[in-house]
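Read off the chains here:
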Amino acid sequence: MSQQIPTSQKVAIVASSGARVQIKDHPVKSPEQLAPGECLLKMHCTGVCHTDLHAAMGDWPVKPMTPLIGGHEGVGTVVAIGKNTERSPIKIGDRVGVKWIADSCRDCEQCRKGHEQNCENIKISGYTVDGTFSQYLVSYVHSVTPIPEGIESEAAASILCAGVTVYRALKYSETSPGDWVVLPGAGGGLGHLAVQYARYMGLRVIAIDGGEEKRELCKALGAEQWIDFTQCKDIVAEVKRLTDGRGAHAAVVTTASSSGYTQAIDYLRDNGHLMAVGLPAKATLDASIFFTVFKSITIHGSYVGNRQDAVEAINIAASGAVKCHYKMRKLSEIDQVYDDLAKGKIAGRVVLSME
Ligand code: NAD
Ligand code: ZN
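Residues numbered from 1 in each chain as written. Chains lettered and ligands numbered in written order. Predicted model: local features only at pLDDT ≥ 70, side-chain atom pairs only at ≥ 80, totals over all residues.

- Going by what an unreviewed UniProt entry lists, the protein is known as alcohol dehydrogenase and is assigned to Psilocybe cyanescens.
- As stated in UniProt under Sequence similarities (unreviewed entry), the record for the protein gives "Belongs to the zinc-containing alcohol dehydrogenase family." (UniProt positions renumbered as here; feature names shortened; annotations may be inferred.)

Structure below.
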């Protein structure tokens, strides 16, 4: 097996925060060097998340390592497993997914409570350890997500971040079938999957985003109502009008700027849930304390998902109920993809092949 594994590969790498991403040669860790619990993956493809752009810019308060090989929603095949690995749930030849949580210790308080995303010893793909913008990747047998049959790798990739994240946000939104959910950012990578998971859960969707392409996508995926944030003068009034004057039961905000958050408290009905998912770099949440209390509103920060959320999200996608809408590009085109993401030009996702 090891003879077929090259010693060098192509990766997309950012030398320092804010520098342009470049394609470079990079060593491949040999199977003999893998630590127990590590596995080597030959990557098929990877999605590009808006988080990767935040990481490349280094614009968040928590800084990534540099040089940075980004990427955290990829699918590959296991080509080696570290010697002395115990109780591996995967074997050589399996197709697995890599998500934002590259690995968690499974022993700290947060892990014991199932909050692996807040693990005290977390390894984060494409942030604190090398990510999926690479032809070969070291990952962790206990944290990768097995990819079921019946879903193409390209369709599975973005479920591992975008899908898991919105699935979990909806799961904890305390909504019931028939409730209204507002999705600001609905035409983007996370948002277009949120439309579908919400429909799968029996929710009624009000999609908010900008432009005709995103309107068409959201409507085709099952959004019952559409609001164009670039045209609508009063989003609160419009959401209330669409919900018989009462407001929505929940909002899952997936905009990368703070603008998607501003009206949410006002258009939620009593006991509504604001699920904060989008991560604008420096914004604060400007919510009326009076109405947050008076309306019994819950503001819930929702951060990716644990291994179980990933299995649930990928199984729903593999059943055919949720489909990532993606365009294929090559790893070498990533710089252009970042430009398009920054301008809000991508409806759905871009998935990169590893050529
Ligand atoms: P994206 O660029 O694909 O989608 C964002 C969408 O928001 C775009 O379609 C854009 O047109 C739309 N938008 C911008 N302003 C808007 C407004 N005022 N109202 C409605 N829509 C508006 O990005 P993405 O990959 O879906 O990621 C979105 C955000 O979620 C990023 O900040 C990313 O870092 C974050 N994220 C968070 C988690 C988490 O665990 N919480 C996980 C993944 C990504
Ligand atoms: Zn992501």
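## Some details on the overall build of the protein
Line of reasoning, step 1. Scanning the protein from terminus to terminus reveals eleven helices and 17 strands.
Line of reasoning, step 2. Relative to the compact-globule value of 20 Å for 355 residues, the protein shows a C-alpha radius of gyration of 20 Å, a close match.
Line of reasoning, step 3. Reported as C-alpha extents along the three principal axes, the dimensions of the protein are approximately 65 × 40 × 40 Å.
Line of reasoning, step 4. Counting all 355 residues of the protein, 48% fall into the buried class. (Helix = DSSP H or I, 4+ residues; strand = E, 2+ residues; numbered from the N terminus. Rg over C-alpha atoms; globule rule 2.2 N^0.38 Å. Buried ≥ 20, exposed ≤ 12 C-beta atoms within 10 Å, placed from the backbone.)

## With respect to the site of ligand 1
Line of reasoning, step 1. Residues in contact with ligand 1 amount to 34 residues; listed here are only the nearest, H50, G185, G188, A256 and S259.
Line of reasoning, step 2. Elements that contribute at least two residues to the shell around ligand 1 include exactly α1 (50–57), α4 (162–171), α5 (189–200) and β11 (204–209). (Near = placed C-beta within 6 Å.)

## Some thoughts on the environment of C39
Line of reasoning, step 1. Positionally, C39 belongs in strand β3 (residues 38–47).
Line of reasoning, step 2. Residue C39 is classed as buried on the basis of its 27 C-beta neighbours within 10 Å.
Line of reasoning, step 3. Sequence separation between C39 and S296 is 257 residues; the distance between their C-alpha atoms is 47 Å.
Line of reasoning, step 4. If sequence neighbours within four positions are ignored, C39 has contacts with L34, V78, A80, I81, G82, I90, S139, Y140 and V141. (Contact = placed C-beta atoms within 7 Å.)

## Thoughts on the sheet that holds strand β14 (residues 268–276)
Line of reasoning, step 1. Here we have six strands laid out as an open sheet, ordered β12-β11-β10-β13-β14-β15, and parallel in their pairing. Where the open sheet ends on each side, the last strands, each with one partner, are β12 (225–228) and β15 (298–301). Going across the sheet, the axis of each strand differs from the next one's by a mean of 15 degrees, ignoring polarity. (Pairing = 2+ DSSP bridges. Axes fitted to C-alpha atoms, helices over the stretch in contact; angles between N-to-C directions.)

## Description of the packing of α1 against helix α11 (residues 334–342)
Line of reasoning, step 1. α11 packs onto α1 with a crossing angle of 105 degrees between their chain directions and a minimal axis gap of 10 Å. Taken together, α1 and α11 sit at an angle that is classed as roughly perpendicular. On α11, the residues touching H50, L53 and A56 of α1 are Y338, L341 and A342.
Line of reasoning, step 2. Broken down by class, the residue content of the contact of α1 with α11 amounts to five nonpolar, one polar and no charged. (Parallel < 35°, antiparallel > 145°, perpendicular 65-115°, else oblique. Nonpolar A, V, L, I, M, F, W, Y, C, P; charged D, E, K, R; others polar.)

## So, helix α6 (residues 212–220)
At 3.6 residues per turn, the α-helix brings residues three or four places apart onto the same side.
Line of reasoning, step 1. Those residues of α6 that sit buried are K214, L217 and C218. Down the axis, α6 shows its buried residues gathered within 95 degrees of arc, on one side only. Those residues of α6 that are exposed and aimed more than 90 degrees away from the buried face are E212 and A220.
Line of reasoning, step 2. Backbone geometry just downstream of α6 places G222 in the positive-phi region, at approximately 115 degrees. (Arc of directions from axis to C-beta.)

## Describing the nonpolar core
Line of reasoning, step 1. Formed by 106 residues in total, the largest nonpolar core has its most connected members in V166, V181, L183, A194, A251 and V252.
Line of reasoning, step 2. Lining this core are residues from two domains, each supplying at least three of them: domain 1 (8–161 + 305–353) and domain 2 (163–301).
Line of reasoning, step 3. Non-local contacts of V181, meaning those with residues more than four positions away in its chain, are made with S173, T175, A198, L203, V205, A248, H249, A250, A251 and V252. (Core = buried A, V, L, I, M, F, W, Y, C linked by C-beta atoms within 7 Å. Domains from an automatic or database assignment.)

## Describing the domain arrangement of the protein
Line of reasoning, step 1. Taken domain by domain, the protein holds domain 1 (8–161 + 305–353) and domain 2 (163–301).
Line of reasoning, step 2. Placing a centre on the C-alpha atoms of domain 1 and another on those of domain 2 gives a separation of 27 Å.
Line of reasoning, step 3. Listing elements by their share of the side of domain 1 that touches domain 2, those giving two or more residues are α1 and α10 (307–318).
Line of reasoning, step 4. If you tally residues by element for the side of domain 1 that touches domain 2, the top one is α10, at six residues.

## Topic: the environment of D286
Line of reasoning, step 1. Here D286 shows up in the loop between β14 and α9 (289–294).
Line of reasoning, step 2. A C-alpha to C-alpha distance of 9.2 Å links D286 and Q263, two positions 23 residues apart in sequence.

## Quick look at the pairing of strand β13 (residues 248–253)
Regular strands have side chains that alternate between both faces of the sheet.
Line of reasoning, step 1. Extensive coverage of β13 is indicated by the burial of six of its six residues.
Line of reasoning, step 2. Direction of pairing for strand β10 (residues 180–184) relative to β13: parallel, over a ladder of two bridges. When the sheet's bridge partners are listed, V182 is paired in β13 with A251.
Line of reasoning, step 3. Pairing between β13 and β14: five bridges, direction parallel.

## Comments concerning the packing of α4 against α5
Line of reasoning, step 1. Between α4 and α5, the least distance of the axes is 8 Å, while the angle of their chain directions is 50 degrees. Regarding the angle of α4 to α5, the classification is oblique. The two elements α4 and α5 cross, and the hand of that crossing is right-handed. Here A162, G163, T165, V166, Y167 and L170 of α4 come into contact with α5, specifically with G189, L190, L193, A194, Y197 and A198. (Left-handed = near helix turned anticlockwise from the far one by under 90°.)

## What to know about unusual backbone geometry
Line of reasoning, step 1. Residue P67 is bonded to the preceding T66 through a cis peptide linkage, with omega at -10 degrees.
Line of reasoning, step 2. Assignment of secondary structure puts P67 in the loop between α1 and β4 (74–81).
Line of reasoning, step 3. Residue D244 is not a glycine yet carries a positive backbone phi of 55 degrees.
Line of reasoning, step 4. Turning to its location among the elements, D244 is positioned in the loop between α7 (235–242) and β13.
Line of reasoning, step 5. Located in the positive-phi region is S296, a residue other than glycine, with phi close to 50 degrees.
Line of reasoning, step 6. You can see S296 is positioned in the loop between α9 and β15.
Line of reasoning, step 7. The exposure class of S296 is exposed, given the 12 C-beta atoms found within 10 Å.

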